[in-house]
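Results of the structural survey
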Amino acid sequence: RLAALKALVALGRDEAIGALVDRIAHDDDAAGVAKPAAEMLALIPGDKPLSAAAAALTEAPAKSRVALLELLTMRAARGEGEAVLKQASDADPAVRAAALKAMEKVARPQDAQPLIELAIAAKDAGEATGAIKAAAAASLQSDDAQGRTAPWLAALKTAQGVKRAAIERAAFGQQFRPRHA
């Protein structure tokens, strides 16, 4: 069946999208098809495979969601930031980590504030760092210095300790960086 899907992908056929997403979302873990199917889905041009991947995030098992998030990261699917952001607070740590990494590529300016809040609430230092990196990427999408720093300065009111220091570094770094630097 994967060989048939490869042929459809090679032809650039949209018919492969549904079948690939279905294979990813319903991978039983023993078959191990989620990752190769996501890689094939990434080869299909346009936004349709990205929208399908984002929609599948709500129903897929954790390993499959990681594969879908990696696909959205690889393709820098900015239009799917909202779906990816929801995964950043998932119960599974691997899904959260993949979502935060994806947010570095797909984040929009309005995502900075919730990502900073995730960083402040994070119990794990790696997750806090990932959320701060993603929030910095989101902030850089803003056209002006005030837009880049406002969410960071607001967060200083509640952040404490090491997290406050990280937010201060990020906030002051955002103020002086040109857009898309």
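Coordinates for the structure precede this section.
Let us look at the structure shown here. Quick caveat, the model's predicted, so the values are computed rather than measured.

Our next topic: the overall build of the protein. Of regular secondary structure, the protein possesses 11 helices and 0 strands. Written out in order from the N terminus, the α and β elements of the protein read α-α-α-α-α-α-α-α-α-α-α. Split into buried and exposed, the 181 residues of the protein put 46% on the buried side. Put simply, of all contacts in the protein between residues at least 6 apart along the chain, 62% involve residues at least 24 apart.

Across all of its chains, the model carries 3 salt bridges by this definition. For R65, the salt bridge is made with D90, and the minimal N-O distance between the two is 2.5 Å. Taken together, the residues R65 in helix 5 (residues 62-74) and D90 in the loop between helix 6 (81-87) and helix 7 (93-106) connect sequence positions 25 residues apart. Summarising the burial analysis for this pair, R65 and D90 share the class buried.

A few words now on the environment of R108. Along the chain, R108 turns up in the loop between helix 7 and helix 8 (112-121). Exposure remark for R108: the relative accessible area of 22% places this residue in the partly exposed category. Once the C-alpha coordinates of R108 and E80 are considered, the two residues, 28 residues apart in sequence, prove to be 9.7 Å apart. Excluding its chain neighbours within four sequence positions, the residues that come into contact with R108 are R78, G81, E82 and A138. At 2.8 Å, the side chain of R108 and the side chain of D111 are in polar contact.

Residues R78, K101, K105 and K133 make up a contiguous surface patch of positive charge. Take K105: it is sitting in helix 7. Residue K105 is classed as partly exposed on the basis of its relative accessible area, which comes to 43%.

Positionally, Q141 belongs in the loop between helix 9 (125-139) and helix 10 (145-155). Its relative accessible area of 16% is what places Q141 among the buried residues. With 34 residues separating them along the chain, Q141 and A107 place their C-alpha atoms 8.0 Å apart.

The subject of this paragraph is helix 5. The end-to-end C-alpha distance of helix 5, which contains 13 residues, comes to 18 Å, matching closely the 18 Å that a straight helix rising 1.5 Å per residue would cover. Looking only at helix 5, the buried set comprises S64, R65, V66, A67, L68, L69, L71, L72 and T73. Tucked into the core, helix 5 has its buried residues touching helix 2 (15-25), helix 3 (34-42), helix 4 (48-56), helix 6 and helix 7. Residue A76 follows helix 5 closely and has a positive phi angle near 45 degrees.

Our focus in this paragraph is the packing of helix 2 against helix 3. Close contact between helix 2 and helix 3 brings their axes to 8 Å; oriented N to C, the two are set at 155 degrees. Comparing their axes, helix 3 and helix 2 come out roughly antiparallel. For the pair helix 2 and helix 3, the sense of crossing is left-handed. The residues of helix 3 that touch helix 2, namely those facing I17, L20, V21, R23 and I24, are A34, A37, A38, M40 and L41. Residue composition of the contact of helix 2 with helix 3, by class: 9 nonpolar, no polar and 1 charged.

About the cut-offs
Residues numbered from 1 in each chain as written. Predicted model: local features only at pLDDT ≥ 70, side-chain atom pairs only at ≥ 80, totals over all residues. Heavy atoms only, no water. Helix = DSSP H or I, 4+ residues; strand = E, 2+ residues; numbered from the N terminus. Buried < 20%, exposed > 50% of the residue type's maximum accessible area, 1.4 Å probe, protein only. Contact = heavy atoms within 4.5 Å. Salt bridge = Lys/Arg side-chain N within 4 Å of Asp/Glu carboxyl O. Polar contact = N/O pair within 3.5 Å; in protein donor to acceptor, adjacent residues only side chain to side chain. Patch = residues over 30% accessible without salt bridge, like charges linked within 9 Å, V, L, I, M, F, W, Y side chains within 5 Å. Areas by Shrake-Rupley, 256 points an atom, 1.4 Å probe, with all protein chains shown as cover. Lys, Arg positive; Asp, Glu negative; His and termini not counted. Charge placed at Lys NZ, Arg CZ, Asp CG, Glu CD. Expected span 1.5 Å × (residues − 1). Axes fitted to C-alpha atoms, helices over the stretch in contact; angles between N-to-C directions. Parallel < 35°, antiparallel > 145°, perpendicular 65-115°, else oblique. Left-handed = near helix turned anticlockwise from the far one by under 90°. Nonpolar A, V, L, I, M, F, W, Y, C, P; charged D, E, K, R; others polar.

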